[in-house]
Every structure is written in structure tokens, then in C-alpha cells.
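# Examining the three-dimensional arrangement
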Amino acid sequence: MTRRPPNRARRRRAAALLPLAAIGLAGGPALAAVADPLAGTPTAAGSTSSTALQPVDTYTGLHFTVPAGNDDLGRPQTCTIDADLYKPHSAGPAARVPAILTTNGFGGSKADQAGLGKAFAGRGYAVLSYTGLGFPDSGCKISLDDPGVDGVAASSLVTFLGGGGTAPYSSSDVAGAAGGAGTLGVDFTVLDDAATHDPRLGMIGGSYGGQIQFATAAGDSRVDTLVPLITWNDLRYSLAPNNTSLAQGVTYANSAPGTQKIGWTGLFFGVGILDGLQGAAVDPARNVGCPNFVLEACQAKATLDTIGYPTSDTYRLTDRVSVAHYIDKVTVPTFLIQGENDTLFNLQESVATYRSLKARGVPVTMAWQSWGHSGGTGDNTGAAPGELDLTGQHIEDTYLGLRIRNWFDHQLKGSKVSTGPEFAYFRDWVPYTGTAAPAYASASSYPVGTRRTWYLSSADDLVTSRKAVLPGSTSWSNPGLGAPASYSEVSGLEGQVSLPAGVTTPYDTPGTFGAWSTPPLSSPVDVVGSPTLDVQFDSPAVALTQAAGPSGQLQVFAKLYDVAPDGSKTLVHKLISPVRVADVTQPVHIELPAIVHRVDAGHRLQLVLASTDAAYKNAYAVQPVTVHASPTSPAALRIPVVP
């Protein structure tokens, strides 16, 4: 079989504990609909769809039994998969259409993609939406998007979309029919190779439903293009980050492991176990042993809960299920969409994937949208108005909706439409009405702008010249015993729970952090990307304990505040960068969170280095530390700034 080159145009519920728009493709707020979105008539106030949509046949309750590699004890396994199919009514052997495969985010189900399934079927695609392994009503345990398990299972669905076999179903939704049970084969998709059941196929999905795209494409060359939203590059970084000692992308060296995100890891396990209990009738074995997770996942969680950082055993699992470690097998055009408001899978993860794909010549485009796992703009409910409607009601009249449609039309239908800029990012300070396109800035590639340098001086100042640095020092210490003295967020519950006013405002306890501020800015500064800090810590106490291993190494939490003239402070999207310093006697290079933020004139930038954070595991030993200001070798904060 001859494959086309990668750059050729080809072929239940969302978890109550997690934001719908973040965890699955269950959408944020739609624009005000005034007509049926599948009728080809006006679709939003003041907007008219230019796309003629066709009727859709819906087949629900498709059931597949597929091979899925080995179970968590190394035994070959088969798994049941529950799915729905959305088919253009006119599609058939003489009128074939491309296919789209999609699945849920963590804690969700096939229902999360129902809106998009119908929307893209109405635009000439056959869409198969399925519930991922370990979630009701599909069987087997959660394997964290393992290419050898989840990817193998998805490959059988690619075969089905390529005409390879039938699936039993029970549906009452088939357009023009009374419904009922039956079997369904596919003879209406465009085939690139009939002998291998190779459909012209793209994938789309968010979070957990984003990583499965990489896991599938890495092992199945029949996949033609990917649109992963808000997913991870390396799970070791996602769940236990260390923003120094980065060997490549966000993958850090084993000698300085990261620090557990206790809120996020606990939330995921709670949701996964609950799904296992609710789906016990589908597959009782999923609750035997490690409840609804592969054994390695329970072992990794126990390790993180006990010592607070991953070990080599943990890396064996996270490396296997992270695209960072098999990205050389991903060769198809990819449209990465990542969230600016995301403390789980931050913008750095998309940058790592973008750079890895681009370095190998794989066509890749990246957009940074307003929302992510930590919510959306303003009210934490989802996308900004006119940005992306995951219910599928608004495609052409939302910025990312139109770009996704054009991406699939170009890659799968061969349409000569623009797929947009290689890099785009949402700016929440730009006013607009209707589509969010005016709020998006575009660039030919990432990174953008230039870096402006400030130096750490005495009197807790940030200055723009080495000559202006005054000698001095800033000292602080953690409380010890793992107690937090700083607060940034409540992880996946951010914006989802009601707390007293002021309780969710980030804070740092005096004496437990160092801070340095710029003078009031004379003009606005637009920050786009990851600031960096080069600094030397001085901690004789830690220098004596660090040889004992990670538990004795210095922990620091770096962050950047926007301080208004009235003294009020904003921690942009509550993003911080945990750091574990392998050798406190050596200079350290720290990557701060990537952000898109305007600092208004009259405001100040403030760098804070805190000793703890309530969302993470903290050091048990007391760790006094000092940063010295030196005109000859000052610590340097570099901010990526665009005009």
C-alpha cells in the first residue's frame, strides 16, 4: 500500500466535578440561536450561515468488541465500545464522504460529541463518536490513552469506517425510519485503499480525547489529520511539573523530579473510580484490583501521595502514554488548540508538541484559545463569545469553529480554503462583537515578539539595567512539615464551587516568599509566551540535604503578578511554575507559565518566588533560602513582549 505524504490534503455525561468545556467536548455557552443550526438558515443573532447543510441519519448504540492490547496484568484483552454514528443522509456508495473519529474527555462519554457529530455530518462527513475505554458504557479499565491499548482499540474503529465489518446497533433516531435494532456496515466513506479498509479520516477531541489522537495515529497510518484540543505533551510534567532541568520540551531530567499536583491527581482518580462503579454492569472486571485504572496508575498515585514526586516506575507509565515519547511516529498534519486558562495542561505543553512536530517537518498549526481545564473568560463556563461552540450549533460564525471546518475541508476534502495562520492567540483585552476573530492575533510561527529583560535588585526592585542593580539580598523560608503558606487555585474545582468572597484570591504569607517589582509602566506591555528567570539560590541548609535525594532538594514556586495602582494583584489565570532544584549551589534557569496578558500603563509586574503552594505537595524539611542582588551577576527575568 502506498501512503500519501503527510502534507497532502486527504482524505453521558460529563463529570460533574469537572468543567464540561474543559474535560469533554461538552460545550461552553453558545451564541444566541434563532433557528435550527442544521437547516441552513440564520444560526445566530446578526449572523447567517453560508453553508448549505443536509439532513443527518443518526445510528445510536453501536456496539463493538475490539482487541485492545494487553490488560494491566499483561494478558491479551478485548474490550466493548459504545458508539454513535452520524451520516449525511445522501451519502452512499456513489456519493462517498470523508470520516471523522472522535471520543470523550476524561469522565465523559460519546454524548459529549453529539452536537459536533451532527454538525459535521450536516457538512458532509461521516462521524463516529465513541465512549473511551473505562468510561460508561464502554468496557475495560482506564489506560491513560496508551497507544498499545486505547490506540489499538481505536484502530478497529478506523477499520469499521473503512468498510471493514459491521456493528450491531439499536437506534430510534434514524432519519426517515421507525428505528429499531440491526447491523450497520459502512459503504459510504471515501477510501484511500479499499483492501486495507483505509478511509480518508480525521480525528478531533479535547483533553483525554485529544491524546487518543496521537496514540491512534502513532500506530495506524490510515489516520490522515488530527485536531487535538487542550491535551498533554508529557504526563510527568502535567501531574508533577518541574519547570527547570528541562531536557526537551516540558520533559525534565529524572534527577530533579517534579512536584505533585495534589488537587488534579486526586480529582482524576475520584472521577475514574466513580465511572468504574457506574459501569460495573458493562465490565465488572474493571473494578477488580486497582479500581478502574491499570495497576501502574494506582501504584503511581500511591507514590505521589506518599513522597510527593514521581520515580522511575512512574516514568515508565507516563512516558508510554505521552506523545512526547513517541512523537516521531506522528506524521500527519496537526492543528493544536490549547487553553490559556489551564492549570492542568498548560500552554507550554502545546509548545513542546508544536516544536517537536515542526522540527521533523510535520505540518502543524497552533492556536491558543481563551479557555481550558480551569474554565473560560469571565465566568469560567467555557469559550469566549464567538470563539468556539462545542455543541456544534455554531461553526461558521465562530472563529475556531470555522478554522476547524476549513482544516478538515482542506485536509480531507482537498478544498482550496485557508487553514489560517500557523500561530494565533486570543487577547482578552480586545473588544469585539460577533465572531471572536478580532480578538485573535496571528503570526507566521511561534515564538513571537522580543524579550525584555529586568534584573533583580535590592529593595525588592526589578530594574532594566545592570548598572541600576543595587547590592542586597532577599530571604524567606517555608513553614516545614508540608504546610502551605501560599495559595493559587483549587485545581479542577476552580469556578465550579461556591466559596466565600476573597477565599479564592491568591495570596502569599509574609516571610515565606521573595518578591521583586517593576516601577509603574509608562505604556501597556503585551506578554505572549513564557517568561524565564535565571537565578542563583543560596541555601546552606539545603546544600547539606540535597544529596539525600529529591526530598532534600529545594522547592520554589515561581509566578508573575500584575499589580494595579491601587495595590490589587492579579495572578494571570492562577498559573504558577513549580521548581525542584537538583543542585542549589548552581545557577538555575526557570521557565515561568506561558501567558497572553496585557499589563496596562500604570501597573507593575511583580515576580514572586514562593516556598509553597496549596495545590501542590510541599517540602517537609525547613528550607531557608536567599537570593542575592549583584551588579556583576544579577538574576535576570526575561519577558516575551509583542508590540
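So, here's what we can say about the structure. Bear in mind the structure is a predicted one, so any value in this text is a computation, not a measurement.

### Considering the pairing of strand S1 (residues 56–70)
Bridge count between S1 and strand S2 (residues 76–88): eleven bridges; the pairing is antiparallel. Each residue of the ladder has a partner; that of His63, found in S2, is Asp82. With antiparallel pairing between neighbouring strands as the criterion, S1 and S2 make up a hairpin whose turn holds five residues, including Gly74 at a positive phi of roughly 85 degrees.

### Points about the pattern of salt bridges
In total, this model carries 21 salt bridges according to the counting rule given. Residues Asp220 and Arg222 are paired through a salt bridge, measuring 2.8 Å at the closest nitrogen-oxygen approach. In this pair, the class of Asp220 matches that of Arg222, namely buried. The shortest N-O distance in the salt bridge between Glu396 and Arg405 comes to 3.1 Å. We classify Glu396 as buried; its relative accessible area is 14%. Its relative accessible area of 14% is what places Arg405 among the buried residues. By sharing partners, the salt bridges in this structure join Arg123, Glu396, Arg405, Asp409 and Lys413 into a single network.

### Brief notes about the packing of aromatic side chains
Each aromatic ring pair is described using two quantities: the centre-to-centre distance and the angle formed by the ring planes. Inspection of every chain in the model, using the stated rule, returns 25 aromatic pairs. With 5.0 Å between their ring centres and 80 degrees between their planes, Trp368 and Phe423 make a pair best called edge-to-face. Linking Trp368 in strand S14 (residues 364–369) with Phe423 in strand S15 (residues 423–426), this pair joins segments that are 55 residues apart in sequence. Here Trp368 and Phe423 have matching classes, each one buried.

### Concerning the sheet that holds strand S13 (residues 334–339)
Taken together, ten strands build an open sheet; the order of strands is S1-S2-S4-S3-S9-S10-S13-S14-S15-S16 and the sheet is mixed. Of all strands in the sheet, those bounded by a partner on one side alone are S1 and strand S16 (440–443). The sheet shows a mean angle of 20 degrees between the axes of neighbouring strands, taken without regard to direction. As paired elements, strand S9 (residues 201–206) and strand S10 (residues 223–229) share six bridges and run parallel to each other. Across the sheet, residue Gly202 finds its bridge partner in S10, namely Thr225.

### Section: the state of the cysteines
For the coordinates displayed, the defined rule picks out two disulfides. Residue Cys79 pairs covalently with Cys140 via a disulfide, S to S 2.0 Å. The S-S bond linking Cys79 to Cys140 shows a torsion near -100 degrees; that makes this disulfide left-handed. With Cys79 in strand S2 and Cys140 in the loop between strand S4 (126–130) and helix H3 (147–161), this pair connects stretches of sequence that are 61 residues apart. Here Cys290 connects covalently by a disulfide to Cys298, the sulfurs 1.9 Å from one another. Torsion about the S-S bond of the Cys290 and Cys298 cystine: about 80 degrees, corresponding to right-handed handedness. You can call Cys290 buried: its relative accessible area is 6%. Accessibility expressed as a relative area gives 22% for Cys298, which makes it partly exposed. Taken in sequence order, the bonded cysteines of the protein link in the pattern 1-2, 3-4.

### Notes on the environment of Ile576
Topologically, Ile576 is positioned in the loop between strand S27 (569–571) and strand S28 (577–581). Owing to a relative accessible area of 8%, Ile576 belongs among the buried residues under this scheme. For the pair Ile576 and Ser488, spaced 88 residues apart in the sequence, the C-alpha separation amounts to 7.7 Å. In contact with Ile576, not counting residues within four places along its chain, are Ser488, Phe557, Ala558, Lys559, Leu571, Pro593, Asp613 and Tyr616.

### Digging into the nonpolar core
Within soluble globular proteins, side chains that are nonpolar tend to cluster in buried spots. Core analysis: the biggest nonpolar cluster contains 64 residues, and Leu62, Phe64, Leu128 and Trp368 have the highest contact counts within it. With seven residues, the top contributor of residues to this core is H3.

### Here we look at the pairing of S9
Of all the six residues making up S9, six are buried; the element is thus mostly covered by neighbouring parts of the structure. Judged by which residues are buried, S9 turns out to be covered on both faces: Leu201, Met203 and Gly205 on one side and Gly202, Ile204 and Gly206 on the other are all buried. The sheet contact formed by strand S3 (residues 99–103) and S9 spans four bridges and is parallel. Bridging from a neighbouring strand, Ile100 pairs with Gly202 of S9. After leaving S9, the chain enters helix H4 (residues 208–219) and then returns to the sheet as S10, a path that is right-handed.

### Some thoughts on unusual backbone geometry
The omega torsion across Pro136 and Asp137 is 5 degrees, close enough to zero to call that bond cis. By secondary structure assignment, the location of Asp137 is in the loop between S4 and H3. For the peptide bond that leads from Tyr446 to Pro447, omega is 5 degrees, which places it in the cis range. With respect to the helices and strands, the residue Pro447 is situated in the loop between S16 and strand S17 (450–457). Notably, Cys140 is not glycine yet its phi reads approximately 65 degrees, a positive angle. A positive phi angle is found at Leu144, which is not glycine, with a value near 65 degrees. As for its position among the elements, Leu144 is in the loop between S4 and H3.

### Side note on helix H7 (residues 295–307)
Between its terminal C-alpha atoms H7 stretches 19 Å, which fits the 18 Å expected from 13 residues at 1.5 Å a residue. Among the residues making up H7, those that are buried are Ala297, Ala300, Lys301 and Leu304. Angularly, the buried residues of H7 cover 100 degrees about the axis, an arc narrow enough to put them on a single face. Check the buried side of H7 and you find it contacts helix H6 (262–278) and helix H8 (312–320). Positive backbone phi, approximately 90 degrees, marks Gly308, located one or two places after H7.

### With respect to the side chain of Arg403
Within the element layout of this structure, Arg403 appears in helix H10 (residues 399–413). With no salt bridge to any partner, buried Arg403 finds its closest opposite charge in Glu422, at an N-O distance of 9.5 Å. Excluding its chain neighbours within four sequence positions, the residues that come into contact with Arg403 are Phe335, Thr365, Ala367, Thr419, Gly420, Pro421 and Ala424.

Thresholds applied
- Counting from 1, residues in each chain are numbered in the order their sequence is written.
- Confidence filtering applies because this is a predicted model: local features only for residues at pLDDT of at least 70, side-chain atom pairs given and counted only at 80 or more, and all residues used for totals across whole chains, interfaces and linings.
- The side-chain figures draw on all heavy atoms in the structure; neither hydrogens nor water molecules are used.
- A pair of strands is labelled paired if DSSP reports no fewer than 2 bridges between them.
- Numbered from the N terminus, helices here are DSSP runs of H or I no shorter than four residues, and strands are runs of E no shorter than two.
- Counted as salt bridges are all cases of a side-chain nitrogen of Lys or Arg within 4 Å of a carboxyl oxygen of Asp or Glu.
- To sort residues, take the accessible area from a 1.4 Å probe on protein chains only and compare it with the maximum for the residue type: under 20% means buried, over 50% means exposed, and anything in between is partly exposed.
- Whether two aromatic rings pair depends on their centres lying within 6.5 Å, for rings of Phe, Tyr and Trp, where Trp uses its six-membered ring; planes under 30 degrees apart make the pair stacked, over 60 edge-to-face, and the rest tilted.
- Think of each axis as a best-fit line through the C-alpha atoms, taken over the contacting stretch in the case of a helix, with angles from 0 to 180 degrees between the N-to-C directions.
- Note that a disulfide, as used here, is simply two cysteine sulfur atoms within 2.5 Å.
- Contact between two residues is taken to exist if any of their heavy atoms lie within 4.5 Å; hydrogens are not considered.
- We define the nonpolar core as a collection of buried residues of types Ala, Val, Leu, Ile, Met, Phe, Trp, Tyr and Cys that are connected through side-chain atoms lying within 4.5 Å of one another.
- Here, the term right-handed applies to a crossover whose path from the first strand over the helix to the second runs clockwise when the strands point away from the viewer.
- Each helix should span, by expectation, one fewer than its residue count multiplied by 1.5 Å.
- Relevant arc is that of directions from the helix axis to the C-beta atoms, nothing else.
- His is not counted, nor are the chain ends, whereas Lys and Arg count as positive and Asp and Glu as negative.

Geometric values such as these leave the question of function open.
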